[in-house]
Amino acid sequence: FGRGFTDSTFFYIIPSWWFVWFILQMYLVFPWLYRLFQRTQALPFLLLTVGLTVATRLAGMFGIRFNESPYFWELGIFFGSRLAEFAMGMVLARWVHQPDSHSFRERSLLIVSIPAFVVGVAAMYWEWGRLVFPILTTLGMTGIFYFFFQNIKTQT
């Protein structure tokens, strides 16, 4: 099974091994994250998780991390560096399953998703953009794929 929390085992056996360690961490924090989400509105929840993610990624950029590699830190050796993406998924899941007009919701999500993705891709090429590019690209791709999935599903 291996340990995915050290630099030497982060990519243990296969390159995608890092994701297993990240998912295990998210399973551990999910109960607390879910309770927090139930007690708050979506916007404060997102602001808190995005703030924690940016703070964690900023700490990693300045060398405040428990491992040697800033790349591993940003990729998810510590869940805090990717927490906002997970939290956005929780918020989007709640938003999608509310009993309002889905066509309006899909268009709204697409209108936000395309610029988020474009800005996220552009941020990859700027050093300080490393703080936000995974958040923006994940949000953008999720919204774009959801929009197309919903439209394909209704046409079949």
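So, a few notes on the structure that sits alongside this text. Source: prediction; values computed, not measured.

Calculation criteria
- Residues numbered from 1 in each chain as written.
- Predicted model: local features only at pLDDT ≥ 70, side-chain atom pairs only at ≥ 80, totals over all residues.
- Heavy atoms only, no water.
- Helix = DSSP H or I, 4+ residues; strand = E, 2+ residues; numbered from the N terminus.
- Expected span 1.5 Å × (residues − 1).
- Buried < 20%, exposed > 50% of the residue type's maximum accessible area, 1.4 Å probe, protein only.
- Phe/Tyr/Trp six-rings, centres within 6.5 Å; stacked < 30°, edge-to-face > 60°.
- 1 Å grid on protein atoms, 1.4 Å probe; cavity = no way out; pocket = protein on both sides within 12 Å on 5 of 7 lines; lining within 4 Å.
- Points joined across faces, edges and corners; volume = space filled by probe spheres on them.
- Nonpolar A, V, L, I, M, F, W, Y, C, P; charged D, E, K, R; others polar.
- Core = buried A, V, L, I, M, F, W, Y, C linked by side-chain atoms within 4.5 Å.

Moving on, we come to helix H4 (residues 83-96). In a regular helix each residue adds 1.5 Å, so 14 residues correspond to 20 Å; H4 covers 20 Å between its end C-alpha atoms and thus fits that length. Listed as buried for H4 are Leu-83, Ala-84, Glu-85, Ala-87, Met-88, Met-90, Val-91, Leu-92 and Val-96.

Under the criterion given, the structure shown has 6 aromatic pairs. Note on Phe-30 and Phe-86: the rings are 6.1 Å apart at their centroids and 85 degrees apart in plane angle, and the pair reads as edge-to-face. Of the two residues, Phe-30 sits in helix H1 (residues 17-39) while Phe-86 sits in helix H4, which places them 56 residues apart along the sequence. Assessed through its relative accessible area of 32%, Phe-30 is described here as partly exposed. Seen from their ring centres, Phe-78 and Phe-79 are 4.9 Å apart, and the 50 degrees between their planes marks the pair as tilted. Given a relative accessible area of 25%, Phe-78 falls into the partly exposed group. Grouping aromatic residues by their ring pairs yields a cluster made of Phe-30, Tyr-34 and Phe-86.

Here the largest pocket is characterised by a volume of approximately 260 Å³. Lining of the largest pocket is provided by 13 residues; of these, Leu-46, Val-91, Leu-92, Trp-95 and Leu-109 occupy positions nearest its centre. Put simply, the parts of the chain that give the lining of the largest pocket at least two residues each are helix H2 (42-61), H4 and helix H5 (102-123). The dominant element in the lining of the largest pocket, judged by the number of residues it contributes, is H4, at 5 residues. Broken down by class, the residue content of the lining of the largest pocket amounts to 10 nonpolar, 2 polar and 1 charged.

What follows covers the nonpolar core. Formed by 13 residues in total, the largest nonpolar core has its most connected members in Met-26, Leu-33, Phe-45 and Phe-79. Listed by contribution, the elements that provide at least two residues to this core are H1 and H4. With 6 residues, the single largest contributor to this core is H1. One finds Met-88, Leu-109, Ile-135 and Tyr-146 within the second-largest nonpolar core, a separate group that totals 9 residues.

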